[in-house]
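Examination of the molecular architecture
Here is how the chains run, residue by residue.
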Amino acid sequence: MIAITSLDNAGGLAGFDIIGEGDVSFVGISSRKVIETVLKRKATGVIITHNHPKGQAFPSSADLEATKTIRDILKSVDVKL
């Protein structure tokens, strides 16, 4: 599961959305879905989370790469990650 916690200008909760679900070994993240959610909530900041249902909760290289991509996309619309 991938979830976005959207934050308002004061750092308060603007919304919580589940934007993706996967299986025990993979969940994809859609850049488009991230932007749609952020704009819908009028967020100025977001916290993106996902679970590791099996194994350890350390970021994989794919996790790190996805984080960088999403960070850059969010930066382009002035939203902090």
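First, a word on scope: everything that follows refers to the structure included in this document. Note that the structure is a prediction, hence the values are computed from the model and not measured. (Residues numbered from 1 in each chain as written. Predicted model: local features only at pLDDT ≥ 70, side-chain atom pairs only at ≥ 80, totals over all residues. Heavy atoms only, no water.)

Where helix H1 (residues 31-41) is concerned, the buried positions are Val-34, Ile-35, Thr-37 and Val-38. Angular distribution of buried residues about the axis of H1 spans 165°; they occupy a single face of the element. Exposed and oriented more than 90 degrees from the buried face of H1 are Arg-32, Leu-39 and Lys-40. In this fold, the buried residues of H1 make contact with strand E1 (2-7), strand E2 (13-20), strand E3 (45-50) and helix H2 (61-75). (Buried < 20%, exposed > 50% of the residue type's maximum accessible area, 1.4 Å probe, protein only. Helix = DSSP H or I, 4+ residues; strand = E, 2+ residues; numbered from the N terminus. Arc of directions from axis to C-beta. Contact = heavy atoms within 4.5 Å.)

Moving on to the sheet that holds E2. The strand order across the open sheet formed by three strands is E2-E1-E3, and the pairing between neighbours is antiparallel. A strand with exactly one partner marks an edge of an open sheet, and here the two such strands are E2 and E3. Between one strand axis and the next, the sheet turns by 20° as a mean value, whatever way the strands run. Running over the sheet, H1 touches E1, E2 and E3 and is turned about 160° from E2. (Pairing = 2+ DSSP bridges. Axes fitted to C-alpha atoms, helices over the stretch in contact; angles between N-to-C directions.)

Using the criterion set out here, one finds four salt bridges in the structure. When the shortest N-O distance is used, the salt bridge between Asp-17 and Lys-40 registers 3.2 Å. Residue Asp-17 is found in strand E2, and its partner Lys-40 is found in helix H1; the two are separated by 23 residues along the sequence. For Arg-71, the salt bridge goes to Asp-72, with nearest N and O atoms at 3.3 Å. (Salt bridge = Lys/Arg side-chain N within 4 Å of Asp/Glu carboxyl O.)

Another point: the nonpolar core. Listed in full, the 12 residues of the largest apolar core are Ile-2, Ile-4, Ile-19, Val-27, Val-34, Ile-35, Val-38, Ala-43, Val-46, Ile-70, Leu-74 and Val-79. Those elements that place two or more of their residues in this core are E1, H1 and H2. In terms of residues, this core owes the most to one element, H1, which gives three residues. (Core = buried A, V, L, I, M, F, W, Y, C linked by side-chain atoms within 4.5 Å.)

An ideal rise of 1.5 Å per residue puts 21 Å on 15 residues; H2 measures up with 21 Å between its terminal C-alpha atoms. Looking only at H2, the buried set comprises Asp-63, Ile-70 and Leu-74. Along the long axis of H2, the arc covered by the buried residues comes to 35°, so they all point the same way. Residues of H2 that are exposed and angled more than 90 degrees away from the buried face: Ser-61 and Lys-75. Contact partners of the buried residues in H2: H1 and E3. (Expected span 1.5 Å × (residues − 1).)

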